[in-house]
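Spelled out from the first residue to the last, the chains are:
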Amino acid sequence: MWRSRVVLGVFASLSLTFGVAGSAVAGAGDPAASAAGSAAASASASASASEVVRVGLPPVVSHVPTTDKVVFITIDDGWNHDPAAARTLIDKRVPVSLFLLPGATSYDTGYFTDLIEQGRATVENHTVNHPDLTTLDAAGKDAEVCGGREQLRGTFGRAPQLLRPPYGAVNDDVRLAAKACGAKALITWTYDFTTWSQTPPTPRLQAGDIVLLHFTPTLEADLERALGAAKAAGLKPAALLPQLKAAGLA
């Protein structure tokens, strides 16, 4: 895995170098070619940038650019298995991304299997033990990110495509580990609706916002508040991954 991380890092660096410098090298020593290269630089810049995005590190997404009137419901961890919240998700057919910890699913896998089979839930990666990935060395990052992906694939039969870094803590080393472990994008959030010590203020949602919830004892109330905020803004919950793909972010 370490070798794959090195290869990916070199590949990303080379793609950036060639994308920016290629036209300048082609025109070196030729005034006419240099002038033409300067005139064409701005025209080719966006193409070069898009090439770098395709071959570089996966994006970190807290909001999805879209003209569709949609929001995205995401729920983290998985420790508290509230049947009322599950019933709401299933009965209302709410598309939801579940960023799960393998240990939180192991003692009641059926709770999540029901959400997948009867509802519109997709399981995504939240690491194995919920560490701040920025504090780990390369091997530790790989163990957490690849380990979470493989354990969830073994349990649910599908490899997660997205990673939510715990605490939203991310840097380029975390993005490199995510890519090496098969993540198409790293998902943070626009608003956290979770009731911790007290219920947070309810924001006015906008199209493309990503709502964060947690499998806590207050999930049902927090979910209803998020769905109400979406309805008040004229928005509907939508599946996250297809919209990321449509926006060129996965």
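Residues numbered from 1 in each chain as written. Predicted model: local features only at pLDDT ≥ 70, side-chain atom pairs only at ≥ 80, totals over all residues. Heavy atoms only, no water.

Re the overall build of the protein
The criterion, for reference: The way it works is that DSSP assigns letters per residue, a run of H or I at least four long becomes a helix, a run of E at least two long becomes a strand, and they are numbered from the N terminus. A 1.4 Å probe rolled over the protein chains alone gives each residue an accessible area, and that area as a share of the maximum for its type sets the label: buried under 20%, exposed over 50%, partly exposed in between. Residues are treated as being in contact if the distance between any of their heavy atoms lies within 4.5 Å.
Along the protein, the regular secondary structure elements total nine helices and nine strands. Taking all 250 residues of the protein together, 45% fall into the buried category. Residue pairs in contact within the protein that sit at least 24 positions apart in sequence constitute 73% of those at least 6 positions apart.

Things to note about the state of the cysteines
Test applied: Count a disulfide wherever a pair of cysteine sulfur atoms falls within 2.5 Å.
All chains considered together, the criterion is met by one disulfide. One disulfide in the model links Cys-146 with Cys-181; its S-S distance is 1.8 Å. A torsion of -85° about the S-S bond marks the disulfide between Cys-146 and Cys-181 as left-handed. Residue Cys-146 is found in helix 6 (residues 138-156), and its partner Cys-181 is found in the loop between helix 7 (172-180) and strand 6 (185-187); the two are separated by 35 residues along the sequence. There is no split in this pair, since Cys-146 and Cys-181 are both buried.

A few points about the packing of aromatic side chains
The test is simple: Note on aromatic pairs: the rings of Phe, Tyr and Trp (six-membered ring only in Trp) are paired at centre separations within 6.5 Å, and the planes decide the class, stacked below 30 degrees, edge-to-face beyond 60, tilted for the rest.
In total, this model carries three aromatic pairs according to the counting rule given. Ring-pair connections join several aromatic residues into one group, and the members of that group are Tyr-111, Phe-112 and Phe-215.

As for unusual backbone geometry
With a phi close to 55°, Arg-93 is a non-glycine residue in the positive phi region. Among the secondary structure elements, Arg-93 is positioned in the loop between helix 3 (83-91) and strand 3 (95-100). Classification of Arg-93 as partly exposed rests on a relative accessible area of 43%. Positive phi is not limited to glycine here, since Thr-127 has a value of about 75°. Here Thr-127 falls in the buried class, since its relative accessible area comes to 0%.

Points about the packing of helix 3 against helix 5 (residues 109-118)
When two helices pack together, their arrangement is given by the angle between their axes and by how far apart the axes lie. What counts here: Structural elements are reduced to axes, namely lines fitted to C-alpha atoms, with helices fitted over the stretch in contact, and the angle between N-to-C directions of any two is expressed from 0 to 180 degrees. Put simply, angles under 35 degrees are roughly parallel, angles over 145 are roughly antiparallel, angles from 65 to 115 are roughly perpendicular, and the rest are oblique. Each residue receives one of three labels: charged for Asp, Glu, Lys and Arg, nonpolar for Ala, Val, Leu, Ile, Met, Phe, Trp, Tyr, Cys and Pro, and polar for the others, Gly being one of them.
The contact between helix 3 and helix 5 brings their axes to 10 Å, and the two run at 10°. Accordingly, the angle class assigned to the pair helix 3 and helix 5 is roughly parallel. Judged by residue contacts, Pro-83, Ala-85, Ala-86, Arg-87, Leu-89 and Ile-90 of helix 3 engage Tyr-111, Asp-114, Leu-115 and Gln-118 from helix 5. Split into classes, the residues belonging to the contact of helix 3 with helix 5 amount to seven nonpolar, one polar and two charged.

A few points about the packing of helix 3 against helix 8 (residues 219-232)
Two elements in contact, helix 3 and helix 8, have axes separated by 8 Å at closest approach and are oriented at 30°. Overall, the two elements helix 3 and helix 8 adopt an arrangement that is roughly parallel. On helix 8, the residues that touch Ala-84, Ala-85, Thr-88 and Leu-89 of helix 3 are Leu-219, Glu-220, Leu-223, Glu-224 and Leu-227. Its residues assigned to classes, the contact of helix 3 with helix 8 shows six nonpolar, one polar and two charged.

Some details on the nonpolar core
Cut-off, in case you're wondering: Put simply, buried Ala, Val, Leu, Ile, Met, Phe, Trp, Tyr and Cys residues joined by side-chain atoms within 4.5 Å make one nonpolar core.
Membership of the largest hydrophobic core comes to 31 residues, with the highest contact counts inside it found for Leu-98 and Leu-115. Going through the elements one at a time, strand 2 (70-77), helix 3, strand 3, helix 5, strand 4 (120-125), helix 6, strand 8 (210-214) and helix 8 are the ones with two or more residues in this core. Apart from residues lying up to four places away in sequence, Leu-98 is in contact with Ile-75, Phe-112, Leu-115, Ala-121, Thr-122, Val-123, Glu-124 and Phe-215. By size, the runner-up hydrophobic cluster in this structure holds 14 residues, among which are Val-61, Leu-240, Leu-241 and Leu-249.

Points about the confidence of the model for the protein
As a reminder, the rule being used: The predictor's confidence in any single residue is recorded as pLDDT, a number from 0 to 100.
Looking at the protein as a whole, its pLDDT mean stands at 84, while 78% of the residues score no less than 70. Counting contacts from residues 1-54, a segment whose pLDDT is below 50, to residues more than four positions away or on other chains yields 27 contacts.

As for the environment of Ala-104
Turning to its location among the elements, Ala-104 is positioned in helix 4 (residues 102-106). Classification of Ala-104 as buried rests on a relative accessible area of 0%. Distance in space between the C-alpha atoms of Ala-104 and Asn-129 is 9.8 Å, their sequence separation being 25 residues. What Ala-104 contacts, discounting residues up to four positions off in sequence, is Asp-77, Gly-78, Trp-79, His-81 and Phe-112.

Looking at helix 5
What counts, and what does not: Each direction from the helix axis to a C-beta atom contributes to the arc, which is the arc of those directions.
Burial in helix 5 covers these residues: Tyr-111, Phe-112 and Leu-115. Mapping the buried residues of helix 5 onto a view down its axis gives an arc of 90°, with all of them on the same face. Residues of helix 5 that are buried sit in contact with helix 3, strand 3, helix 4, strand 4 and helix 6.

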